[in-house]
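Each chain, letter by letter, is given below.
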Amino acid sequence: MTAKDIIHMNELDHSRFKSWGFSQDFCVTCGLCSSSCPATGIDGFDPRKLIRMLSLGLESEVVASRWPWICTLCAKCENVCPMEIDIADAVRRVRSLRDRDKVPGNIHKGLEAALETGNNLRLPKDDYVFILEDVAEEIAEEPGYEGFTVPIDKKGANILTTIHNKLVNTHTEDLKHWWRIFHAAKEDWTVPSENWEGTNWAYFTGDDEAMKIMTGRIVDHMNKLEVKTLMWPE
Amino acid sequence: MATRSGFEKHYPEVFEKFEFVTVFDLLIKYIKEGRIKLDKTRFKGPATYHDPCNYGRKAQKVFGHGYFDEPRWILSQCVENWIDLYPATMNQICCGGGGGTLVNSYNEERTYYGRRKMDQIRATGAGMLVVPCHSCHGQFNSIKKAYDMEGLEVKYLWELVADCMIV
Ligand code: SF4
Ligand code: SF4
């Protein structure tokens, strides 16, 4: 949106987002948020404008704008907001109002893949297990790591881990760091063979229902594998 | 962050039944219990550390504890010579790769977003940047060329620990 765009007074609807509990109506337009935000100025964005649009109920404008997707939800703005407005959560909520097929880039597509197949990559179980075992064999060849194996679906393990999808995609070397540490520390750990996705892109798309499903799968693993501890994925 | 929020909202009962550890708690435990031994002389530095929004400022707000001291303690067990960014902790500047921006195709915006962070890092003179977050790691590697900082080595905190281990 630019200054040239005209807002018609009859489109204002102060009650539109009244039920949202982000204190958006308390904004005193001080601009501290905008001063602190590294994204201020990108494509005309700044958090004060976005919060004011919510307060004025300019729904179609704010949902269609690119702004909520330029913001990184970093919360620097709300850290300085004198009215304690939950700016990042408000931005995330605006994202949830976008038609799912208009969510930019791969975030919704990745999430859809995860909901359908258990991971963002649609990586079949056999390929996934092959990658893990292949990397484990490489570690076992290093001095000090003889006999290393990857304990997939180990019942009763102390620690359950998940996998960030990029580590079984383009960054398999980065699987090794934690595995080496577990080996050296003689940890009793495990990793699931299915629904192993450690990222939760529902957080980014604003989709609370999907977030519940994704986190629920981790709960299922903990129950089924009877692990003692979860290492938080992120 | 997403998982813990999801549990608190939808599955609060798990907190009675299971234990939970962050990457920081676990590394500190291994080091303090002597289960892993680290050699501080392998990396001369100077290194620096970036506070991810989710482990720091946002965790402080949502869970009442930001992980600021823990990663710095771990870093100190690995490298003598490291310098904090300014500003850091609660006033830290986001890398620009958070909130899904790494995969939402807004690449130009995301690269521009990182300019202040890259200035901060450059000001320390550090050759190694340590991060405990997959998004930050991806973002820094993705944008460092655009800021003429291709020589910057971006390292996971646990990668640094693994590389310093005496086995
Ligand atoms: S800092 Fe808070 S009160 Fe000030 S303009 Fe931003 S949202 Fe409004
Ligand atoms: S949360 Fe969004 S609006 Fe707030 S400072 Fe970060 S990028 Fe800017």
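Residues numbered from 1 in each chain as written. Chains lettered and ligands numbered in written order. Predicted model: local features only at pLDDT ≥ 70, side-chain atom pairs only at ≥ 80, totals over all residues. Heavy atoms only, no water.

K.L.:
Can you lay out the site of ligand 1 for me, pointing to particular residues and giving the numbers?
P.N.:
By nearness alone, every residue bordering ligand 1 is listed as Cys27, Val28, Thr29, Cys30, Gly31, Cys33, Arg48, Cys81, Pro82, Met83, Ile85 and Ile87 of chain A. Looking at side-chain class alone, the shell around ligand 1 contains nine nonpolar, two polar and one charged residues. (Near = heavy atom within 4 Å. Nonpolar A, V, L, I, M, F, W, Y, C, P; charged D, E, K, R; others polar.)

K.L.:
So, the interface of chain A and chain B: which residues are in play, and what are the values?
P.N.:
Listed as interface residues are 60 residues of chain A and, on the opposing side, 59 residues of chain B. Between the two partners, chain A and chain B, sit five salt bridges. Across the pair Lys61 of chain B and Asp86 of chain A runs a salt bridge, and its minimum N-O distance is 2.6 Å. On inspection of chain A and its partner chain B, the count reaches 26 residue pairs in polar contact (both at pLDDT 80 or more). Broken down by secondary-structure element, the contributors of at least two residues to the side of chain A that touches chain B are helix 4 (67-70), helix 5 (76-80), helix 6 (87-96), helix 9 (176-184), helix 10 (202-205), helix 11 (208-224) and strand 3 (229-231) of chain A. (Contact = heavy atoms within 4.5 Å. Salt bridge = Lys/Arg side-chain N within 4 Å of Asp/Glu carboxyl O. Polar contact = N/O pair within 3.5 Å; in protein donor to acceptor, adjacent residues only side chain to side chain. Helix = DSSP H or I, 4+ residues; strand = E, 2+ residues; numbered from the N terminus.)

K.L.:
Break down the packing of aromatic side chains for me, citing the residues and quoting the values.
P.N.:
Here a ring pair, both rings aromatic, is described through the centre-centre distance and the interplanar angle of the planes. Applying the stated criterion to the full structure yields 20 aromatic pairs over all chains. For the ring pair Phe17 of chain A and Trp20 of chain A, a centre distance of 4.4 Å and an interplane angle of 45 degrees mean the geometry is tilted. Just as Phe17 of chain A is buried, Trp20 of chain A falls in that class too. Geometrically, the ring pair formed by Phe7 of chain B and Phe15 of chain B is edge-to-face, given 6.5 Å between the ring centres and 70 degrees between the ring planes. On the basis of relative accessible area, Phe15 of chain B is assigned to the partly exposed category, the value being 33%. An aromatic cluster is built from Phe148, Trp178, Trp179, Phe182 and Trp189 of chain A together with Tyr156 and Trp158 of chain B, whose rings are joined through pairwise contacts. For the cation-ring pair, Arg66 of chain A lies above Tyr106 of chain B, with the distance from its terminal atom to the ring centre recorded as 4.2 Å. (Phe/Tyr/Trp six-rings, centres within 6.5 Å; stacked < 30°, edge-to-face > 60°. Buried < 20%, exposed > 50% of the residue type's maximum accessible area, 1.4 Å probe, protein only. Lys NZ or Arg CZ within 6 Å of the ring centre and 35° of its normal.)

K.L.:
Could you give an account of the site of ligand 2, naming the residues involved and the relevant values?
P.N.:
Taken together, Cys37, Phe45, Pro47, Cys71, Thr72, Leu73, Cys74, Ala75, Lys76 and Cys77 of chain A together with Tyr113 of chain B make up all the residues around ligand 2. In this structure ligand 2 sits where residues from chains A and B come together. For the shell around ligand 2, a count of residues per class yields nine nonpolar, one polar and one charged.

K.L.:
Account for the domain arrangement of chain A, naming residues and giving values.
P.N.:
All names here are of chain A. As far as domains go, chain A holds domain 1 (3-98) and domain 2 (123-231). One C-alpha centre belongs to domain 1, the other to domain 2; they are set 38 Å apart. Every contact between the two is made by five residues of domain 1 and, on the other side, eight residues of domain 2. Carbon and sulfur atoms supply 43% of the area buried between domain 1 and domain 2, which totals about 480 Å² over both sides. Together, Leu73, Arg92 and Arg95 form the three largest contributors to the area buried by domain 1 at its contact with domain 2, with a combined 79%. At the junction of domain 1 with domain 2, the criterion picks out one salt bridge. One salt bridge connects Arg92 with Asp208, and the closest N-O pair in it is separated by 3.0 Å. Linking domain 1 to domain 2 there are four residue pairs in polar contact (both at pLDDT 80 or more). By residue number, the principal contributor to the side of domain 1 that touches domain 2 is helix 6, which donates three residues. Looking at the side of domain 1 that touches domain 2 residue by residue, the class counts come to two nonpolar, one polar and two charged. (Domains from an automatic or database assignment. Buried area = accessible area lost by both parts, 1.4 Å probe.)

K.L.:
Explain the sheet that holds strand 3 of chain A to me, using residue names and the numbers behind them.
P.N.:
Ordered in space as 2(A)-1(A)-3(A)-1(B), the four strands form an open sheet in which the pairing is parallel. Only two strands of the sheet have a single partner each, and these edge strands are strand 2 (189-190) of chain A together with strand 1 (19-21) of chain B. Summarising the sheet, strand 1 (residues 159-160) of chain A and strand 3 of chain A pair through two bridges and their orientation is parallel. Residue pairing across strands places Ile159 of chain A opposite Thr229 of chain A, the latter belonging to strand 3 of chain A. Running at roughly 85 degrees to strand 1 of chain B, helix 3 (residues 23-32) of chain B makes contact with strand 1 and strand 3 of chain A together with strand 1 of chain B of the sheet. (Pairing = 2+ DSSP bridges. Axes fitted to C-alpha atoms, helices over the stretch in contact; angles between N-to-C directions.)

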